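# Coordinates in review
So the chains spell out like this:
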Amino acid sequence: MSPLLACTSERQYGGVGQVKSLVDFHPDGDPDNPMDWSKTYRMGIVTLLSFMAFTVTFSCIGIVPVADQIIFDLEGRESKSASILLVTVWELGEAAGPLLIAPLSEIYGRYAVFNVANVIFILGVALSALSQSTHFLIFARFLTGLAVASNVLGPAIIGDIFPSEQRSSGMSLIMLAPLLGGAIGPAISGAIAASLGWRKILWISALLAIVCETLFFTLMQETYKVSILRCRAAKLRKRMNDETLLCEFDDEEGAKSAYSALGATIKRPLSVVWDSLVLKIMAFHGGLVFAFYYILATTLPGILKDTYGFSPPMIGLSFLAFSAGASVGIVACNLLIDRIYIKLGKSHQGPLPEHRLPFMIGGAIIFPIIIGLYGWAPYAHWSVYAALMAVASLGFVMMLLWVPLASYIVDAFGLYSASAMTMILIARCLGGTLLPLGIPPLTEAVGLGYGFLLLGAGCIMLIPLPIAIMRYGPHWRQLSEYTRTN
């Protein structure tokens with residue numbers, strides 16, 4: 001039997017006599033079903049997603065140790081606010097991009113949207129390397145952030161190709177890759193800028209992005225179930241000249257126009273977050289937590305230079321501490337989250353998305369302490385090793401918070417996970433853009449140590465949020481049409 005005819009069934013639609021055949025994946029295995037692809041190929045997709053995530057963060061964070069130098073070269077003067085904006089405006093682009101990327105992926109599929117976004121990303125990096133003014137460079141950085149597809153589509157693709165009890169390994173890898181990029185980029189950028197100039201950092205980023213896109217275009221397949229089944233049903237209708245052949249995602253009254261479908265889908269992330277209490281809470285929590293990554297990225301170079309006398313190459317190498325801690329967090333999540341998920345499922349008559357959250361609760365309890373130590377260690381002139389230990393601890397605890405959050409969103413929202421992740425990323429990007437701008441005034445007013453103690457005290461308010469989701473999430477999810485299970 002042709003794969004296209006692998007599984008069809010008849011279903012009654014509308015009035016009498018309106019019987020249409022429903023096209024679906026074959027339950028005993030189907031070569032078009034991403035869940036049935038070989039484990040080797042699926043892990044290859046995860047590796048490809050990780051490579052792109054590495055490239056994105058390498059491009060974003062690689063200029064951090066030399067941001068002040070870039071502004072001085074372009075403007076002939078120093079500007080702390082311009083240096084911070086040069087780093088954080090990327091996140092502003094990432095906040096806007098998912099509003100198009102996620103909806104388009106739910107209409108045209110992950111493959112097409114990812115490839116187009118990658119091409120625009122390459123263009124943005126090239127424009128950054130060619131920039132002759134600060135304003136144009138900031139615009140090019142915004143454009144590059146706008147085209148980042150891996151953050152919103154990476155977790156969604158993991159949900160497309162793995163069942164819920166097997167997702168943590170893939171999710172952990174695509175979370176680890178950006179951290180490696182965020183460490184290796186600064187580690188080598190100082191030396192490259194000193195010997196070859198800061199523009200070479202951006203050309204290296206462009207080369208990595210071109211290699212990624214070549215691999216995506218040649219090796220990737222469509223993973224989105226809706227797009228695959230719609231394509232299969234359309235091929236069957238054309239081949240058999242039978243308009244009754246539909247998939248469950250086809251509109252009963254005919255396909256909508258591309259514009260009306262796009263308009264409806266663009267509104268979906270806003271509709272999802274408006275309708276879902278758990279998504280509002282998770283977006284708020286994730287946005288505040290991840291903002292501290294950019295607070296670290298914009299404050300650590302100054303701390304190491306002014307307090308410990310580090311040179312730009314040494315500052316870049318110091319970012320490896322964050323990635324070392326984050327790598328330990330990723331390994332812990334990879335080894336334990338699925339086990340805890342399965343164990344809790346056995347004791348609760350089946351696993352729930354909330355069973356992803358124990359690590360997140362533990363991370364939320366530790367997080368305020370780490371934030372306070374990060375600022376207090378240099379303020380009190382503790383050893384540089386104590387300061388770097390605080391940096392590593394921040395990387396560790398952020399993974400305990402972020403990996404379970406992303407896994408929960410994918411499990412809870414299913415087909416709407418891309419739209420839900422969009423709102424998480426928008427909150428994250430807005431926090432990463434705006435909150436770092438408030439750190440210089442805060443530390444100038446009360447000092448570095450007391451400023452971060454105040455931030456840590458504020459983070460105590462985040463502790464009840466994952467606890468509330470763990471306790472009341474199953475009930476709250478039933479109140480939203482996008483997470484309702486019955």
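Residues numbered from 1 in each chain as written. Predicted model: local features only at pLDDT ≥ 70, side-chain atom pairs only at ≥ 80, totals over all residues. Heavy atoms only, no water.

### Observations concerning the overall build of the protein chain
Stated formally: Helix and strand definitions here come from DSSP, where helices need a minimum of 4 consecutive H or I residues and strands a minimum of 2 consecutive E residues; each element is numbered from the N-terminal end. Each residue's exposure class comes from its accessible area (1.4 Å probe, protein chains only) as a fraction of the maximum for that residue type: buried when under 20%, exposed when over 50%, partly exposed otherwise. Two residues form a contact once any of their heavy atoms are found within 4.5 Å. All accessible areas in this document rest on Shrake-Rupley with a 1.4 Å probe, and a residue is counted as covered only by the protein chains that are shown.
Summing up its helical and strand segments, the protein chain has 19 helices and three strands in all. Reported as C-alpha extents along the three principal axes, the dimensions of the protein chain are approximately 80 × 50 × 35 Å. Counting the 486 residues in the protein chain, one finds 56% classified as buried. Considering only contacts within the protein chain whose residues lie at least 6 apart along the sequence, 79% involve residues at least 24 apart. Only carbon and sulfur atoms are counted for the fraction: they give 66% of the accessible area of the protein chain, which is about 20,400 Å².

### As for helix 15 (residues 384-413)
The condition is simple: Helix span is expected to be 1.5 Å times the residue number reduced by one.
Spanning 30 residues, helix 15 covers 44 Å between terminal C-alpha atoms, matching the ideal 44 Å at 1.5 Å per step. Positive phi appears at glycine 414, one or two residues downstream of helix 15, with a value of about 55 degrees.

### Concerning the packing of helix 12 (residues 277-308) against helix 19 (residues 464-477)
Angle between the axes and distance between the axes: these two values describe a pair of packed helices. The line we're drawing: Each axis is a line fitted through C-alpha atoms, taken for helices only over the stretch in contact, and angles between the N-to-C directions span 0 to 180 degrees. If an angle is under 35 degrees, it is roughly parallel; if it is over 145, roughly antiparallel; if it lies from 65 to 115, roughly perpendicular; otherwise it is oblique. In this scheme, a crossing is called left-handed if the near helix is turned counterclockwise away from the far one by less than a right angle; it is called right-handed if the turn is clockwise. Residue polarity is assigned by list, with Asp, Glu, Lys and Arg as charged and Ala, Val, Leu, Ile, Met, Phe, Trp, Tyr, Cys and Pro as nonpolar; anything else, Gly included, falls into the polar class.
Where helix 12 meets helix 19, the axes come as close as 9 Å, and the angle between the chain directions of the two elements is 160 degrees. Comparing their axes, helix 19 and helix 12 come out roughly antiparallel. The element helix 12 and its partner helix 19 pack so that their crossing is left-handed. On helix 19, the residues that touch Leu277, Val278, Ile281, Met282, Phe284 and His285 of helix 12 are Leu465, Pro466, Ile469, Gly473, Trp476 and Arg477. For the contact of helix 12 with helix 19, the per-class residue count stands at nine nonpolar, two polar and one charged.

### Describing the confidence of the model for the protein chain
Rule in force here: As a per-residue measure, pLDDT tells how confident the predictor is, with possible values from 0 to 100.
The pLDDT averaged across the protein chain works out to 83; a share of 92% of its residues lies at or above 70. Note on residues 12-17: pLDDT is under 50 here. Beyond four places in sequence and across chains, it has seven contacts.

### Some thoughts on the pattern of salt bridges
Stated formally: When a carboxyl oxygen of Asp or Glu lies within 4 Å of a side-chain nitrogen of Lys or Arg, that pair is called a salt bridge.
If you walk through the whole model with that rule in mind, you get six salt bridges. With a shortest N-O distance of 2.7 Å, arginine 356 and aspartate 338 are connected by a salt bridge. In this pair, arginine 356 sits in the loop between helix 13 (312-347) and helix 14 (358-379) while aspartate 338 sits in helix 13, placing the two residues 18 residues apart along the sequence. The class of aspartate 338 is buried, set by a relative accessible area of 12%. A salt bridge links glutamate 354 to arginine 477, with the nearest nitrogen and oxygen atoms 2.7 Å apart. With a gap of 123 residues between them, glutamate 354 in the loop between helix 13 and helix 14 and arginine 477 in helix 19 connect regions that are remote in the sequence. The residues glutamate 354 and arginine 477 share a single accessibility class, namely buried. One salt-bridge network, held together by shared partners, links Asp30, Asp32 and Arg232.

### With respect to the packing of aromatic side chains
Note the threshold: Centres within 6.5 Å make a pair out of two Phe, Tyr or Trp rings, where for Trp the six-membered ring is used; the pair is then stacked when the planes are under 30 degrees apart, edge-to-face when over 60, and tilted otherwise. Placement of a charge over a ring requires the Lys NZ or Arg CZ to be within 6 Å of the ring centre, with the centre-to-atom vector within 35 degrees of the ring normal.
Tallied over the full model, the rule gives 16 aromatic pairs. Taking 5.4 Å as the distance between ring centres and 75 degrees as the angle between the ring planes, the aromatic pair formed by tryptophan 37 and tyrosine 41 counts as edge-to-face. The exposure class of tyrosine 41 is partly exposed, given its relative accessible area of 24%. Taken together, the ring pairs connect Phe290, Tyr293, Tyr294, Phe322 and Trp402 into an aromatic cluster. The side chain of arginine 356 reaches across the aromatic face of tyrosine 341, ending 3.9 Å from its centre. Looking at arginine 428, its charged tip hangs above the ring of phenylalanine 290, at a distance of 4.0 Å from the centre.

### As for the nonpolar core
The line we're drawing: Only buried Ala, Val, Leu, Ile, Met, Phe, Trp, Tyr and Cys residues count toward a nonpolar core, and they belong to the same one when joined by side-chain atoms within 4.5 Å.
Core analysis: the largest hydrophobic core is formed by 133 residues, its most contacted members being Phe367 and Ile409. The greatest single-element share of this core, amounting to 20 residues, is contributed by helix 15. In contact with phenylalanine 367, other than residues within four places in its own chain, are Val289, Phe292, Leu394, Val397, Met398, Leu401 and Cys459. If you look at the next biggest cluster of nonpolar residues, it comprises eight residues, including Ile228, Leu236, Leu245 and Cys247.

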